[in-house]
Amino acid sequence: MDQPIFYIVDVFAQSKYTGNPLAVVTNAEEFSSDKMQEIAQEMNYSETTFITSSQKHSGGYDVRIFTPKEELPFAGHPTLGTAYVLQTEIQKQFTKEICLNLKVGQIQVTWETTSEGREILWMRQNSPVFSQQFSASVLAEILNIEVDSIDSRFPIQEVSTGIPFIIVPLKTLADLKACKVNLEKYYQLIQDTNAKAILVFSPEGYLSESELSVRMFADALGIPEDPATGSANGCLAGYLAKYQYFGKPELDIQVDQGYEINRPSILFLKASQGGDNISVQVGGQVVMVAKGELF
């Protein structure tokens, strides 16, 4: 086996040292699951990915995703960051799209150059699945906010495009900033839920160009708060379309995340509803930060 090389990229970033950092390990074909978990714990990022096939099969590259605590079937910023490494370091030739074979299925990533010259990577996620709803009083206690801080026009609901999140609509950016997870009550809640993570959002952005700000908490996955979460924002995009948050069943918006933990991130969300299915895309920029080898 070739020497395992790792790359560190910042995803949903505007420049180095913003966005969500990701470690991508290549030449990982012979690594056991336990070894991958050990390396992910050593890296200690929200996720570390492992490319386990250097050649395509079934049209895509095999990739596995690990948090410091467990393997995930899908995650957003690891998908975009790994596609970027595959494009620039493995293929070494530009293609308009790359497919990743993940445990949730095959996910396609495409490249777009904007009129301002920005290179945006887009992933199309699975159509969202909506399940149980929750009371505002329960989530207010978990988030240490007033019940009136939660926007009662929309449900608090578990949504999944491959990994489930509890989506909580808030009224203001001040309410978003005030959230502080009560871990005891959080762990009580997730004993009876598929979702182990909570996304809160408000209808105000830190940036004038952003329509929303979000935060994501997932202590059970080893992520007290995430700088930028593509999978959670995909669920949010589906939720916004289903409940016509912007007054219509489609959207094309910019979202802020990570400002509260000094990792400002920008995500682009698209969604549209057609019949029972909702099409969801999440996009962002990727920046290369470092390269090294595992001994």
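Structure: above.
Owing to the predicted nature of the structure, the values given are computational and were not obtained by experimental measurement.

Caption draft 1: Highlighting unusual backbone geometry. In this model, Ser 58 sits at a positive phi of 55 degrees, which is unusual for a non-glycine residue. Its place among the elements puts Ser 58 in the loop between strand S3 (48-51) and strand S4 (61-66). Here Asn 262, not a glycine, exhibits a phi torsion of approximately 60 degrees, which is positive. Relative to the elements of secondary structure, Asn 262 occurs in the loop between strand S14 (250-257) and strand S15 (265-274).

Caption draft 2: Up close: the side chain of Thr 193. Tracing the backbone shows Thr 193 in the loop between helix H5 (183-190) and strand S12 (198-202). At 2.6 Å, the side chain of Thr 193 forms a polar contact with the backbone oxygen of Ala 195. Beyond its immediate stretch of four places on either side in the chain, Thr 193 contacts Gln 132, Phe 134 and Glu 158.

Caption draft 3: Just the pattern of salt bridges, in detail. Per the stated rule, a full pass over the model turns up eight salt bridges. Here Asp 10 ties to Arg 263 by a salt bridge, and the two come within 3.3 Å at their closest N and O atoms. With Asp 10 in strand S1 (residues 5-11) and Arg 263 in the loop between S14 and S15, this residue pair connects regions lying 253 residues apart in the sequence. Summarising the burial analysis for this pair, Asp 10 and Arg 263 share the class buried. A salt bridge links Arg 215 to Glu 225; the nearest nitrogen and oxygen atoms lie 2.8 Å apart. Of this pair, Arg 215 sits in strand S13 (residues 212-217) while Glu 225 sits in the loop between S13 and helix H6 (230-242), and the two are ten residues apart along the sequence. Here the salt bridges share partners, and the residues they tie into one network are Arg 64, Glu 71 and Lys 103.

Caption draft 4: Just the nonpolar core, in detail. Counting 60 residues, the largest nonpolar core has Ile 167, Phe 201, Leu 236, Leu 240 and Leu 269 as the members making the most contacts within it. With seven residues, the single largest contributor to this core is H6.

Caption draft 5: How the structure looks around the packing of aromatic side chains. By the definition in use, this model includes twelve aromatic pairs. Here the aromatic rings of Phe 130 and Tyr 243 are separated by 6.2 Å at their centres, their planes lie at 90 degrees, and the arrangement is edge-to-face. One end of the pair, Phe 130, is in strand S9 (residues 129-134); the other, Tyr 243, is in the loop between H6 and S14, with 113 residues separating them in the sequence. Owing to a relative accessible area of 21%, Phe 130 belongs among the partly exposed residues under this scheme. Judged by centre distance (4.5 Å) and plane angle (5 degrees), the rings of Tyr 206 and Tyr 259 are stacked. In this pair, Tyr 206 is assigned in the loop between S12 and S13 and Tyr 259 in the loop between S14 and S15, connecting sequence segments 53 residues apart.

Procedures and definitions
- Residues numbered from 1 in each chain as written.
- Predicted model: local features only at pLDDT ≥ 70, side-chain atom pairs only at ≥ 80, totals over all residues.
- Heavy atoms only, no water.
- Helix = DSSP H or I, 4+ residues; strand = E, 2+ residues; numbered from the N terminus.
- Polar contact = N/O pair within 3.5 Å; in protein donor to acceptor, adjacent residues only side chain to side chain.
- Contact = heavy atoms within 4.5 Å.
- Salt bridge = Lys/Arg side-chain N within 4 Å of Asp/Glu carboxyl O.
- Buried < 20%, exposed > 50% of the residue type's maximum accessible area, 1.4 Å probe, protein only.
- Core = buried A, V, L, I, M, F, W, Y, C linked by side-chain atoms within 4.5 Å.
- Phe/Tyr/Trp six-rings, centres within 6.5 Å; stacked < 30°, edge-to-face > 60°.

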